Structure formats: structure tokens, C-alpha cells
Amino acid sequence: MMITGKTRMAGLIGKNISSSMSPFVHNYLSEKTGQDAVYTAFNVDETQLEDAVKGAYALGFAGLNVTSPHKIAVMDFAVSLDKTAQNAHAVNLLKHTDRGFVGYNTDIDGILWSLREHHKVPPPKHVTILGSGGASNAAVLALNDADVTVISRKDAERGALHSVSGDLFIQATAGTPEELLRLVPPRLLKNFTTIFDMNYPIYNPWLQRVKTPENKTFDGLAMLVYQAIKAYEIIWRKNISHELAQELFSAISMD
């Protein structure tokens, strides 16, 4: 696309996000919809979060996606919160308005679409979530019809995972596969029928190790795609068709 003085900016803020697929997703959608916009990723330390948000608003960014570890802290820098962000007590999208950035949470939609539409997971009755941050908050809301147990990483270090069971286990921390193999060895998850890692590394030895013939395992790629589509629709006030969403998912899966 041709970048001009009229091209709008949007982006992602978080830590260790140089491998994020979000720029691919948003720029793909802009190309397909004819939106004159560019999206990129910015590594932002916790100590610079307020400056980053204020600077992006001053520069006229149309929107900012927010990822770990900023989803809760960034709430302080939104002029108001949409109901989704209020309920999740976490923000993964800031949308530019005349009053300031308004906070939203599209992770809830991403989780539901990934589980129900893409991976066809039956409604779970008993869910265990590892992690107590913004992604975990969204998962609790998305699965409010189930009996949900949330275990923080600190409690998991103390052995809290040794007594859990259920039909769905959600890994909602930013832990590396190596860290997870230590914290959540496969034997602890033998009674779960579905295991969902919200991360989406290209190589995920933890998810591969917990896979058995009796369970279903998947990463967060489908969640990423749909929450990004929802965020794109909010930022640019465009409707993304089911056909374009499927085309995008196919493109990102082959990338």
C-alpha cells in the first residue's frame, strides 16, 4: 500500500512482542478493506506505559491493542471503559475518541469464537484456568456458565495444580513452554478432555507433551485472529465478513 500524510496509525503495545502476529492480521484486513492505515508493534516497559499511551493519543493513533503485562494497568489511562472492559477488569484495546482513549476488551469474543466456532468444544462444566491476569479475567467472563477455578502462577508454584480436574484447562499466563513443562507437567492434566494454551508459539513443546489420544489440545491462534477482527471492527467501524475472516485465518495459518 502507499503510505501518505493521510495514512492513520494503529498498533500493539506489550513486552517481548516482536514475534506477534497482530501486525499481519490488521494490515491484511486494511489491505482487503481498502482502509488507509498501518499497524505495527511497540515493546513498552511497565515504567513507560503511561508515556506510551499519552504519546500515542497525542500522535493521533486510531487505536492501540494491549497485551501482557499491561492489560490491567492500562485501565488507569483510559478516559472511560466499555462494558466489556469493565466486566473483565482488563483492557486489550484502546480506541481514539475526542475525549481520549476508551478501553474495550475483545478477548472475550476471541475466546468464545475459538472454543465454540473454530475448535467446536462442547460447553464445559468444570474449567481450570492457570493465570490471574487480564487474559484470565476475560476467560472467566466468557465461560460464566461453567464452574471455574482460577489458579494464579504463584499458587501453582506452591502445588495448587496437583488437585485439579475438569473438562477444560486454560493456560492463560505468558510463561514459556519450558517454564510450563516445569510448572504443569503432563501428568497433572490427564483428567482434562480439552487443553487450551492462549499463547501461540510456532513450536510449543508443552502443548505437544500434554497431548494424548484422549484429549483435544490447541493454542491461541484462533483466539488471536478473532479478537483482532473484533478490535479492527471497533477501531475502523467496519464489518468483517465471515468469508474474509476465514480467508484471513487460512492466510495466517500458512504464513
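Provided above is the structure to which this section pertains.
The following paragraphs examine the structure supplied in this document. (Residues numbered from 1 in each chain as written. Predicted model: local features only at pLDDT ≥ 70, side-chain atom pairs only at ≥ 80, totals over all residues. Heavy atoms only, no water.)

1. Description of the overall build of the chain
At step 1: A tally of helices and strands in the chain yields 10 helices and 11 strands.
At step 2: In terms of overall size, the chain behaves like a compact globule, its C-alpha atoms giving a radius of gyration of 18 Å where 255 residues would be expected to give roughly 18 Å.
At step 3: Each of the three principal axes of the chain carries a C-alpha extent, and together these read 55 × 40 × 30 Å.
At step 4: In the chain, which comprises 255 residues, the share counted as buried stands at 51%.
At step 5: Intrachain contacts of the chain at a sequence separation of at least 6 include 66% that bridge at least 24 residues.
At step 6: Side chains of the chain carry 24 positive and 26 negative charges; the gap between the two charge centres is 2 Å. (Helix = DSSP H or I, 4+ residues; strand = E, 2+ residues; numbered from the N terminus. Rg over C-alpha atoms; globule rule 2.2 N^0.38 Å. Buried < 20%, exposed > 50% of the residue type's maximum accessible area, 1.4 Å probe, protein only. Contact = heavy atoms within 4.5 Å. Lys, Arg positive; Asp, Glu negative; His and termini not counted. Charge placed at Lys NZ, Arg CZ, Asp CG, Glu CD.)

2. Thoughts on the sheet that holds strand β5 (residues 93–97)
Two pairing modes exist for strands in a sheet, parallel and antiparallel, and in both the strands are linked by backbone hydrogen bonds.
At step 1: With respect to topology, six strands assemble into an open sheet ordered β2-β1-β3-β5-β6-β4, the strand pairing being mixed. Pairing within the sheet leaves two strands with one partner each, and these edge strands are β2 (37–43) and β4 (80–81).
At step 2: For β4 and strand β6 (residues 100–104), the ladder comprises two bridges, and the chain directions are parallel. Each bridged residue has a counterpart across the sheet, and for Leu81 the counterpart in β6 is Gly103.
At step 3: Where helix α1 (residues 22–33) meets the sheet, its contacts fall on β1 (8–14), β2 and β3 (63–66), and the angle it forms with β2 comes to roughly 170°.
At step 4: Contacts from helix α9 (residues 221–236) reach β1, β2, β3, β5 and β6 within the one sheet, and its direction differs from that of β5 by about 10°. (Pairing = 2+ DSSP bridges. Axes fitted to C-alpha atoms, helices over the stretch in contact; angles between N-to-C directions.)

3. Things to note about the nonpolar core
At step 1: Ranked by internal contacts, the top residues of the largest apolar core, which has 32 residues, are Leu29, Ile229, Trp236, Leu248 and Ile252.
At step 2: Looking at this core, the elements that each hand over two or more residues are β1, α1, β2, β6, α9 and α10 (242–254).
At step 3: The element that contributes the greatest number of residues to this core is α9, accounting for 11 residues.
At step 4: Residues contacting Ile252, with those up to four places away along its chain left out, are Met21, Phe24, Val25, Leu221, Leu224 and Val225. (Core = buried A, V, L, I, M, F, W, Y, C linked by side-chain atoms within 4.5 Å.)

4. Observations regarding the sheet that holds strand β11 (residues 216–218)
At step 1: Read from one edge to the other, the open sheet built from five strands follows the order β8-β7-β9-β10-β11, with strand pairing classed as parallel. The two strands at the open ends of the sheet, each matched to only one other strand, are β8 (147–151) and β11. Averaged over all neighbouring strand pairs, the angle between strand axes comes to 15°, with direction disregarded.
At step 2: When strand β9 (residues 168–171) meets strand β10 (residues 194–197), the two strands line up parallel, connected through four bridges. Across the sheet, the residue bridging to Leu168 is Thr194, located in β10.

5. Topic: the pairing of β8
Consecutive residues of a regular strand have side chains that alternate between opposite faces of the sheet.
At step 1: The pairing of strand β7 (residues 126–130) with β8 spans five bridges and is classified as parallel. Bridge pairing in β8 places Ile129 opposite Val150.
At step 2: Each parallel crossover has a hand, and for β7 linked through helix α5 (residues 134–142) to β8 it is right-handed. (Right-handed = clockwise from strand over helix to strand, strands pointing away.)

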